Each structure stands twice: as structure tokens, then as C-alpha cells.
Amino acid sequence: MSAMRVLVIGAGPGGAAAAIEMQRAGADVRIVEKSAWPRAKTCGDGISPPGVREARALGLALDDKTKLEVGEISTPRGARFRAGWRPETPWGAIVERREFDERLLALAVAAGARFDDRTTARDVTFGSRGPAVRLGRDATATHELFDAIVLAEGATGTLAPKLGFGRHHSRLVALRGYTRAIKPLEPQFGLYFDRDVSPGYGWIFPVDRERANVGVLVDERAVRARDGDLRGILRGWTATSAVARETIGPGPTYESLRGGVIPTGRRSRVRGSVYLVGDAAGVADPFSAEGIYQAMATGRAAAAALVEHGPGRAAERAYARALRPFDRNAAEARRLRMGFGFVIDVMGARAVKRPKLAYHLSSSGFFMKDSLPAFLLGIARTW
Ligand SMILES: Cc1cc2nc3c(=O)[nH]c(=O)nc-3n(C[C@H](O)[C@H](O)[C@H](O)COP(=O)(O)OP(=O)(O)OC[C@H]3O[C@@H](n4cnc5c(N)ncnc54)[C@H](O)[C@@H]3O)c2cc1C
């Protein structure tokens, strides 16, 4: 029997993870990426502890990176507490996306996947022999047949809407830039839920001791209410935040100041042997906008479903099952956002005095994605 032929569209963490797993399992994988590779990606560059775990499972150990062992969180009323990770995944890391994505994709190529950059997937049509994809530049585009497609086209991809996958439930927007610190940066994730960015947060992530990735994350509707002025929100936050003033100064200058969207939620993820993963599937966390871990995890899950069952109903069902925890987490995170400022204020004020509660809030709710009942039970225990 010949190997299953799979096309992976997009070489970000979602596509790379799927390609690594499928090629290692014996599929014949081709990856196409429209950008010249390696490419930069607008991102906070924060690989959470679950993200580090996921990368390691794919064969990418980030041991050469600064290990971010704790985080600092502040609340709208200005309380600050230390966050903690769980012992099984004790640290996260900051890795600029050009490097992270390049290293991950190299594992797929090392496993034997064929990779073409500057190659756009333009269209997908469905026939009795499986999906056919139009690949390459318009004038010289070729049609190729595959058994299945993993569509990892990211937040702004145009193929999923064309194929009738429908819109995302909602979108968050973020703006980030790199700047020099005015004092050595601590090896920690800094997440600041200050009033100026509520409902959302500002972040200061250390690329190294001197250079920080700084940004703000806000709900799309909240930005529209402020005339779409995301730069103004970032400027306002760094001017008023005590932490920002202490570490990067009140009016930092930025290199590569860029914004992007993070879509969350999508009704369907599989149609006719096309599997959506990562941002295309809308699986980023609607509370934190973390999406790298989710992209790798859903890429692996789609790969596992296809490898185990081959394209067809059984694989679709297996992938739908694997996505359930992400959807449950998303629904809970959306609910949490409604009472956002209040919840964070009340819990944060208490967490300052109760390290066990602080640890629980960060390790369970924010980063580790326990179910809501388990999260609430932990709060009751540590209150
Ligand atoms: C400002 C900002 C900050 C963020 N910070 C963080 C953070 O700190 N930590 C975190 O975990 N997440 C963060 N995220 C979210 C994270 O960046 C995404 O969730 C993640 O990149 C999703 O990975 P992906 O593989 O699905 O898509 P992407 O990484 O976007 O990759 C998609 C790829 O597909 C390619 N492509 C698209 N269409 C085609 C086509 N037709 N043919 C060929 N190639 C195509 C694109 O060129 C791209 O390379 C942030 C997002 C933003 C906007």
C-alpha cells in the first residue's frame, strides 16, 4: 500500500508539528509556505510551560534558552503577585519566532518531509480521488492531488473562509515591539492586567537581560471603542504602568512595532479531508491569547487522527474529540473575561498575601488550563 499523501499548508508551529508527526509515522508529507523562509512572525515570543513540553515531545528541547521560572502578575488595582508553574512543566522560555519556527520546521525536514517556501496554496477543489490543490505562482500554478490536507494558514489565511469554514467567534488584537531595558531584566514573564488595558493586559517578556518584547493585548471591540488606536493604548500603558516605567522607561522607542489578530473559536474544523489546526482552527486561548502551545498540540492531534484512521469519518471524530478540551477552555475563558477586572482584582488582592492561592491562580487557571470546576475547587482550598 502506498503512503498517505498529505499537504501541510503553512509552516508555523501548527503545520510543523503536524508534519513532524505524520512524516515520522510513515506518511508522505509536503509542506508549502508562502513566505521566504525563515520568516518573522508578529508575536510576544512567549513559549509557556505547556508549550515547552509540547516542543520537547516533538524533539525540540529549548534547554539552550533562558528558563523563565516564575512570572509576575499585576491586577487593575495595582496588586502584584508572583506566579508559579507546576513541577511537571517547571519553566517557559522566550524565543523569537523566526528562530523557534525555523528550528521546529527543521525537524519535519530532517524526518523526510518535502518543504517549499515562497509557494502559496491558492485553491482547493474536491473530487472522487481526494482534494486537489492549486500550488505556486498564478501563471505557473500546478494542480496536485492529496489524500488529506492540514490547513495551518494562521490567523489571516484566506483558504478556510473560501472553503466554507465560516467566521471565527471573536478576535483579540495585540501590538508588540522590541525595546532596550533601562535595568537588567528578570528571567520572568511579566503580565500586567492594568486598568489602561482592561479587559486585556500589557506584557514585558525578556528576550535577554537587556532586550524586551513589550506589548498589549486587547479585545477587538475594546480597541474599536478607542478608535482603533492600539499604539495609543500601548503608549498610555507604558506611561502609567509603574513596572513599565521602572524596566523600560515611560516612553520607550521600539524596533519592529507590529500588530496582529488572534482569532478564537470556529464552528467546524474538518471538511472533505481538510483539517484546520492552530490559529486557522481558532484554538488560541481567549483569555491570554496564547496560541503557540495550542497550534503544536492541535497539529499533533490532527496528525494522530489521520495516521491512526486514514482520511475519513473515524479520523474526523477522533480530531473532534481531541479539540473538546480546547473548546471547553475557550468557553470558560470567554466567561471569565466578562467579569475580568473584578475577578482579577479580588483574587489578586488576596493572592498577594497567599502564595498558595497565587500559585494556584497562575499554574491552574492561566497557564495550565484546568477545567472550571477544578479551578474553582483549588481557589476554595487555597483561599
Ligand atoms: C502580537 C501577538 C503576540 C502574540 N504573543 C504570543 C505569545 O507570546 N505566546 C503564544 O503562545 N502565542 C502568542 N500569539 C499567538 C501566536 O502567534 C499564534 O497563535 C501562533 O503563531 C499560531 O500558529 P499557527 O501555526 O497556527 O500559525 P502561524 O504561526 O501564523 O503560521 C501560519 C503560516 O501559514 C502561512 N500561510 C498562510 N496562508 C498560506 C497559503 N495559502 N499557502 C502557503 N502558506 C500560507 C503563513 O505565511 C504563516 O507562515 C501572539 C499573537 C500576536 C498577533
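I will try to describe carefully the structure that is included in this document. Keep in mind that this is a model prediction, so the values were computed, not measured.

## Topic: the environment of W237
Here is step 1: Within the secondary structure layout, W237 lies in helix α6 (residues 230-240).
Here is step 2: For W237 and Y201, which are 36 residues apart along the polypeptide, the C-alpha to C-alpha distance reads 9.3 Å.
Here is step 3: Discounting chain neighbours no more than four positions away, the residues touching W237 are Y192, D194, D196, V197, G202, W203, I204, V214, G215 and V216.
Here is step 4: For W237, the side chain forms a polar contact with the side chain of D194, separated by 2.8 Å.

## Points about the site of the ligand
Here is step 1: Every one of the 36 residues lining the ligand counts as a neighbour, but E33, R39, G44, G46 and D279 are closest to it.
Here is step 2: Between the ligand and I292 there is a distance of 3.0 Å, counted from an oxygen atom to a backbone nitrogen or oxygen.
Here is step 3: Elements with a contribution of two residues or more to the shell around the ligand: α1 (13-24), β14 (200-206), β16 (255-266) and α8 (292-309).
Here is step 4: Looking at which element gives the most residues to the shell around the ligand, the answer is β16, with three residues.
Here is step 5: Class assignment for the residues of the shell around the ligand results in 14 nonpolar, 13 polar and nine charged.
Here is step 6: Three or more residues apiece are contributed to the shell around the ligand by two domains, here domain 1 (5-45 + 96-166 + 267-335) and domain 3 (171-261).

## Quick word on the environment of W91
Here is step 1: Counting through the fold element by element, W91 comes out in the loop between β5 (80-83) and β6 (93-94).
Here is step 2: By relative accessible area, W91 is classed as buried at 8%.
Here is step 3: On a C-alpha basis, the gap between W91 and K67 in space is 5.7 Å, while along the polypeptide they are 24 residues apart.
Here is step 4: With sequence-adjacent residues up to four places away left out, W91 is seen in contact with P49, V52, R56, L62, D63, K67, L68, E69 and W85.

## A few points about the packing of aromatic side chains
Here is step 1: In total, this model carries nine aromatic pairs according to the counting rule given.
Here is step 2: Pairing Y192 with W237 gives two aromatic rings, centres 6.3 Å apart and planes at 25 degrees, and the pair type is stacked. In this pair, Y192 sits in strand β13 (residues 188-192) while W237 sits in helix α6, placing the two residues 45 residues apart along the sequence.
Here is step 3: Every member of this aromatic cluster is reached through a ring pair, and the members are F189, F193, Y201, W203, F205 and F287.

What counts, and where the lines are drawn
- Residues numbered from 1 in each chain as written.
- Predicted model: local features only at pLDDT ≥ 70, side-chain atom pairs only at ≥ 80, totals over all residues.
- Heavy atoms only, no water.
- Helix = DSSP H or I, 4+ residues; strand = E, 2+ residues; numbered from the N terminus.
- Contact = heavy atoms within 4.5 Å.
- Polar contact = N/O pair within 3.5 Å; in protein donor to acceptor, adjacent residues only side chain to side chain.
- Near = heavy atom within 4 Å.
- Nonpolar A, V, L, I, M, F, W, Y, C, P; charged D, E, K, R; others polar.
- Domains from an automatic or database assignment.
- Buried < 20%, exposed > 50% of the residue type's maximum accessible area, 1.4 Å probe, protein only.
- Phe/Tyr/Trp six-rings, centres within 6.5 Å; stacked < 30°, edge-to-face > 60°.

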